[in-house]
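Okay, here's what each chain looks like letter by letter:
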Amino acid sequence: MACRFCPQDRLVKSYPKGEPRDLSLADFLTVLEKLPSHVRVDLSGMAEPWLNPDATAMAILAFERRRAVAVYTTLQGMTPDEATLLIGRFGSRVSPETPWVIHLPDDEGNMVGWRPSETYRETLSRFLAFARLQGPDGLSFMTMSATGSVAPALQDLVRDTLPPFRGISRAGNLNQEEFRPGALLAAVRQEHALLCGSTPFFDHNVLLPNGDVLLCCMDYGRQHVVGNLLTQTYEAIHAGATLGTIRAQAMTPSAGTLLCRHCHNAVCLSHRDGTHWRLTAAAMWSPDVAAEPIPYPLQPAPQQPARLPRPGLRRMLERVLAL
Ligand code: SF4
């Protein structure tokens, strides 16, 4: 099964041959113990997490260790009993900051290879009942359809229309030509100093089954492997040369081949009229915008008329200069 909006073919091609395809429970525990307590654990990824038979056990481990946990799943591979267990034991932990997002097959066939089954329908029914009876903030259902319609085989279960979907190029990893016009936002090229819109520290990373840590969930081509959490500590990765290079490229306008330069989630910074960096658009971690967006291509700064000193200062200067 594949999703047209997730370029998994790029990941498959770039993933080292012979390395594990599934994260083992033991390695998950090793990594969990290395993560500082502020780091949210997302059961998500560049493939469906519940296609790993240990996914529910991993979820239990993370929740029971009082970690902040988010879940992004298509429900493929999750049994109805697992759904009941997760909802019953951990449903109270769903929140806007730790969401559970259920990605459903749609009427456009964007979830390639999906086939309806009674098991799938029953698993989904348990989440729909959870939404109906408890409706926690942070539980949501989505499709990748422009109209928000689910696959015909599920329309008797999901009667509400879901929000319409428009994709992004996953930082240039999707080919616009393979989509109908308008299905993806127009490609971007960020030329200025920038940060990630999700984090100012480039620490929304993705763990692959072999322990490799990617910059983020856009990096399907494994362009920025920042370290390995099975062989390094979290701190060593974030103090390391690869992330240092990423930060240097991010702060230097136009520099390098940084993935973020093609990403809709990047936020640019400006020095305009000053010497301090200021955001030019809202970020998830800072809704306050303090600078005007900069037009691109760069325009020369308008000439400011020479400012006269304030009257008091002028009088003092006149006295000093007269000496
Ligand atoms: S700006 Fe985009 S490419 Fe860069 S780290 Fe954030 S999500 Fe990833």
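Residues numbered from 1 in each chain as written. Predicted model: local features only at pLDDT ≥ 70, side-chain atom pairs only at ≥ 80, totals over all residues.

Colleague: Break down the site of the ligand for me, with residues and values.
Modeller: Taken together, the residues surrounding the ligand are A171, C196, S198, F202, L215, C216, M218, L259, C260, C263, N265 and A266. For the shell around the ligand, the class distribution of residues is 10 nonpolar, two polar and no charged. (Near = placed C-beta within 6 Å. Nonpolar A, V, L, I, M, F, W, Y, C, P; charged D, E, K, R; others polar.)

Colleague: Describe the sheet that holds strand β10 (residues 225-228), and please don't skip the residues or the numbers.
Modeller: Reading across the sheet, the three strands line up as β8-β9-β10 and stay open at both edges, with antiparallel pairing between neighbours. Two strands close off the open sheet at either side, each with one partner strand: β8 (206-207) and β10. With three bridges connecting them, strand β9 (residues 212-214) and β10 associate as antiparallel partners. Across the sheet, residue D212 finds its bridge partner in β10, namely N228. (Pairing = 2+ DSSP bridges. Helix = DSSP H or I, 4+ residues; strand = E, 2+ residues; numbered from the N terminus.)

Colleague: An account of the environment of P105 is needed here, citing residue identities and associated values.
Modeller: Locating P105 in the fold gives a position in the loop between β4 (100-103) and β5 (111-112). Using a count of 28 C-beta atoms within 10 Å as the deciding quantity, one classes P105 as buried. Once the C-alpha coordinates of P105 and L154 are considered, the two residues, 49 residues apart in sequence, prove to be 8.4 Å apart. With near-sequence residues (within four places) excluded, P105 lies in contact with M111, W114, V150, A151 and L154. (Buried ≥ 20, exposed ≤ 12 C-beta atoms within 10 Å, placed from the backbone. Contact = placed C-beta atoms within 7 Å.)

Colleague: Before we move on, could you go through helix α4 (residues 80-90) and cite the residues and values that matter?
Modeller: Along α4, the residues that are buried comprise A83, L86 and I87. Along the long axis of α4, the arc covered by the buried residues comes to 95°, so they all point the same way. Facing away from the buried side of α4 by over 90 degrees, the exposed positions are D81 and G88. If you follow the buried residues of α4, they end up packed against α3 (55-64) and α5 (118-133). (Arc of directions from axis to C-beta.)

Colleague: I'd like a description of unusual backbone geometry, backed by residues and values.
Modeller: Within the chain, F202 stands out as a residue other than glycine whose phi angle is a positive 55°. The topology assignment puts F202 in the loop between β7 (194-196) and β8. Judged by the 19 C-beta atoms lying within 10 Å of it, F202 is partly exposed. One non-glycine residue, R222, lies in the positive phi region at around 50°.

Colleague: Give a detailed account of the sheet that holds strand β12 (residues 278-279), specifying residues and quantitative values.
Modeller: Read from one edge of the open sheet, three strands run β7-β11-β12, paired in antiparallel fashion. Sheet topology places β7 and β12 at the edges, where each strand pairs with a single neighbour.

These values are about where atoms sit, not about what they do.
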